[in-house]
Amino acid sequence: MQQKIIVYGDDRLRKCSDSVTIKDPFIDLIRNLFDTLNCYGGIGLAAPQIGLNQSVFVIDTFPQSKFDPDHKPFKLACLNPQILWYSKRKTLFNEGCLSIPSIYEDVSRPESITVRYLNERFEQVEETIDGIKARIFQHEFDHLNGVLFIDHLKAFQKVRIAYQLNKIKNNSFHHSEL
Ligand code: ZN
């Protein structure tokens, strides 16, 4: 079922998430995250963005393949993810976030990473990933630790988006009163 995405200014985006256990209803959570992601047209969504501080995120790059015909879309759900290794080599990519609408900035991150997570069947997966997969993984992983992509920006970029960011924050407070 589609959920409402919370935006910048909401404290739940700044909390660390709890690990998921086999007893948690994670299948429903994964389904809700995919439904919400597809509805908003994004490529990644973490549980804190629907107000749940649980260590789960989903990725579905189908919308990306519309803009980039060479991109082969992929879809995955990650529970209790860890990043075991970061490459020294970094790349820039223009990032956005469904919880920070209409702000896009270049973010520098390691090009490849080794990750470990549980998939939707609660099986452990360990793999080294790069490119857009590594990029989205790091962005979503950050959400589980209360970190947002804007935290990685350089000072001049932070200045550039300050006004817009404040507007999002004020709007989110306004909506929470309704
Ligand atoms: Zn995000």
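Residues numbered from 1 in each chain as written. Predicted model: local features only at pLDDT ≥ 70, side-chain atom pairs only at ≥ 80, totals over all residues. Heavy atoms only, no water.

A. Structural view of the pairing of strand β5 (residues 100-110). Pairing between strand β4 (residues 90-97) and β5: seven bridges, direction antiparallel. Note that in β5 the partner of Cys-97 across the bridge is Ile-100. Hairpin connection from β4 to β5: two residues lie between these consecutive antiparallel strands. (Pairing = 2+ DSSP bridges. Helix = DSSP H or I, 4+ residues; strand = E, 2+ residues; numbered from the N terminus.)

B. The sheet that holds strand β1 (residues 44-46), seen in detail. Strands sit in the order β1-β2-β3-β6-β7 across an open sheet of five strands; the sheet is antiparallel. Looking at which strands have only one partner, the edges of the open sheet turn out to be β1 and β7 (124-130). For this sheet the average axis-to-axis angle between neighbouring strands, irrespective of direction, equals 40°. Where strand β3 (residues 75-86) meets strand β6 (residues 112-118), five bridges bridge the pair, whose relative direction is antiparallel. In the strand pairing of β6, Ile-83 is matched with Val-115. Helix α1 (residues 26-40) contacts β1, β2 (56-60) and β3 of the sheet and is inclined by roughly 40° relative to β2. Relative to the sheet, helix α3 (residues 131-143) contacts β1, β2, β3, β6 and β7, its axis offset from that of β3 by approximately 90°. (Axes fitted to C-alpha atoms, helices over the stretch in contact; angles between N-to-C directions. Contact = heavy atoms within 4.5 Å.)

C. Seen up close, the side chain of Asn-32. In this structure, Asn-32 sits in helix α1. The exposure class of Asn-32 is buried, given its relative accessible area of 19%. Looking at Asn-32, its side chain comes within polar contact range of the main-chain nitrogen of Met-1, at 2.6 Å. Not counting residues within four places of it along the chain, the set of residues in contact with Asn-32 comprises Met-1 and Gln-3. (Buried < 20%, exposed > 50% of the residue type's maximum accessible area, 1.4 Å probe, protein only. Polar contact = N/O pair within 3.5 Å; in protein donor to acceptor, adjacent residues only side chain to side chain.)

D. Expanded view of unusual backbone geometry. With phi around 45°, Asn-80 is a residue other than glycine that occupies positive phi space. Examined against the element boundaries, Asn-80 turns out to sit in strand β3. If you check the backbone angles, Ser-102 has positive phi at about 65° while not being a glycine. Within the secondary structure, Ser-102 is located in strand β5.

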